[in-house]
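Observations on the three-dimensional arrangement
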Amino acid sequence: MKALPIFFFLILLLIAMPVLALNGWTITDKGNIRLYAPNDLQDGKVLAYMVSGPYELNGTELKEWFSGWARKVQEHFGKPLNEWLVEPEKGGWSIINQYIDKKSGKRLNVCYIGGMLDSKRAYFITWLSSVDSMLILKYKTDYDKVLNDAMKHLLAQPSVTNSSIAATEPVSKNQEKPKQSPKSKSQQISEQIRVAPDKGADLGDIELVWVYSSADILEGGFDVDTHLLFEDGTAYKDCQIPPDELDIDVSKRLEPDKWTEWRKHWGTYQMKNKEDGNWYDLEGGPGIKAPEGTQLSGEYLSAHGSANFAATQHYITFHDNGRFEMSSLAISSNSSSGGGSMGVPYVGSAIISDKNGTSTATSIAGGSFGGGVSSERKNGSKNTGSYEVHDYTITLVHDNGLRHTELFFMLEEKKESDFIYINDDYWLEESTTPP
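Because the structure is predicted, anything quoted here is derived from the model rather than measured.

The rules behind each value
- Residues numbered from 1 in each chain as written.
- Predicted model: local features only at pLDDT ≥ 70, side-chain atom pairs only at ≥ 80, totals over all residues.
- Heavy atoms only, no water.
- Salt bridge = Lys/Arg side-chain N within 4 Å of Asp/Glu carboxyl O.
- Helix = DSSP H or I, 4+ residues; strand = E, 2+ residues; numbered from the N terminus.
- Buried < 20%, exposed > 50% of the residue type's maximum accessible area, 1.4 Å probe, protein only.
- Contact = heavy atoms within 4.5 Å.
- Phe/Tyr/Trp six-rings, centres within 6.5 Å; stacked < 30°, edge-to-face > 60°.
- Lys NZ or Arg CZ within 6 Å of the ring centre and 35° of its normal.

When their charged atoms lie close together, side chains carrying opposite charge are able to pair. Overall, the coordinates contain ten salt bridges when judged by the stated rule. Between Lys382 and Glu87 there is a salt bridge whose closest N-O contact spans 3.5 Å. Here the residue Lys382 occupies a position in the loop between β21 (369-377) and β22 (384-390), and Glu87 occupies one in strand β5 (residues 87-89), the gap between them amounting to 295 residues. Judged by relative accessible area, Glu87 falls into the buried class, the value being 10%. Ionic pairing is found between Arg194 and Glu245, a salt bridge with its closest N-O pair at 2.6 Å. Of the two residues, Arg194 sits in the loop between α6 (185-193) and β9 (206-215) while Glu245 sits in the loop between β11 (234-236) and α7 (248-254), which places them 51 residues apart along the sequence. What makes Arg194 partly exposed here is its relative accessible area of 27%.

Following the sequence through the fold, Ser386 ends up in strand β22. With relative accessibility at 29%, the residue Ser386 sits in the partly exposed group. As a C-alpha pair, Ser386 and Leu396 span ten residues in sequence and 6.0 Å in three-dimensional space. Excluding its chain neighbours within four sequence positions, the residues that come into contact with Ser386 are Gly322, Arg323, Phe324, Thr395, Leu396 and Val397.

Okay, the packing of aromatic side chains next. Throughout the structure, instances matching the rule amount to 21 aromatic pairs. For the ring pair Trp25 and Tyr49, a centre distance of 5.7 Å and an interplane angle of 40° mean the geometry is tilted. In this pair, Trp25 is assigned in strand β2 (residues 25-30) and Tyr49 in strand β4 (residues 47-56), connecting sequence segments 24 residues apart. Overall, Trp25 belongs to the buried group, its relative accessible area being 1%. Owing to a relative accessible area of 5%, Tyr49 belongs among the buried residues under this scheme. Seen from their ring centres, Trp84 and Tyr112 are 6.2 Å apart, and the 45° between their planes marks the pair as tilted. Of this pair, Trp84 sits in the loop between α2 (62-77) and β5 while Tyr112 sits in strand β7 (residues 107-116), and the two are 28 residues apart along the sequence. With respect to burial, Trp84 and Tyr112 carry one shared label: buried. An aromatic cluster is present here, built from Tyr55, Trp65, Phe66, Trp69, Trp84, Tyr112 and Phe124 joined pairwise through their rings. Directly above the ring of Trp259 sits Lys252, whose terminal nitrogen or CZ lies 5.0 Å from the centroid.

In short, the description is geometric, and any link to function would need to be established separately.
Following this line, the structure appears as structure tokens:
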């Protein structure tokens, strides 16, 4: 374990001696924290479970407490690399992500799991590992026995009250509030330019919503560029939010490169290149806002992928009763980089998310070895709900409570076979080719 590069765990190991072993695992106790690490872990590799609690919630909802506590822990590891999603998990909640460790500079997997130990007290589990499918597969089967031992241990421990939680954190006592995970510049700009519906651009000031959809040869699928052409001759490029939520003044200040001029020259729409001042013809055509009360019907598909990248398919099925269902399929493997040949193990994975929940499966094969792991989450309510189409927007109210409004428009007037959703091109699955 001396190779473990995580500061949070190093401090624990330096001040606490291993107290017992669990069938090949070393267990280390310090206060309300119990750390599990495999005895035969290869130097330079990371894999560990840290269990802590029991925590007195004092009336706080489990999800709220878990999400806040996970963010506090993550701050000490490094910035999460993927979207931060809190998902249902076996009577509790979970978060799966990756990050670049502050101390070692390595990319690591992290998973947080939280649940109720009894009617009033909660537990918290942090799972860390190197990004190594073989390593995860090797120790995955031991999770249940580690969890069972941890639950027995926690039940015998005194509760950690809210007032004493801060004392278990490896942070300065003078720090009153944890720093929020830093957001990228683009994320900050996206949040600042977007305002409430009908508080942004006046649709009456927009001459045209112009869209160009082109094939992405490298990654498959289609790239979509949506431009707003205003009556005053200005143009906003690559719009990915509803026009009536775009704060024009803030956008011009924070993202000036996305603003230019447009004109109509001999019946052709043109846009000015700000770098050299030349005008170029716009390819594509106008986007058509949906008439009030539009009801869609059918299964629409957006697909991406190639031999060198993961293949993904996103589906949105609209019903004429105002309901929708979403689903997705993501498949990836290392076959393009030699997996399955020349002694390199094949690693393949598939993730399916639909109205029934999310299923993940990973398979590994190489030489005389073969195996796989799978998991399921009953989170299908995030993929179903009701919808309402209005002008250049669609409002989705998911059955899990999420409500959001996104950019949405049709590609052909009086034809509902193709539409743009945010920045993806969707078409009816029955169509042989996209537009």
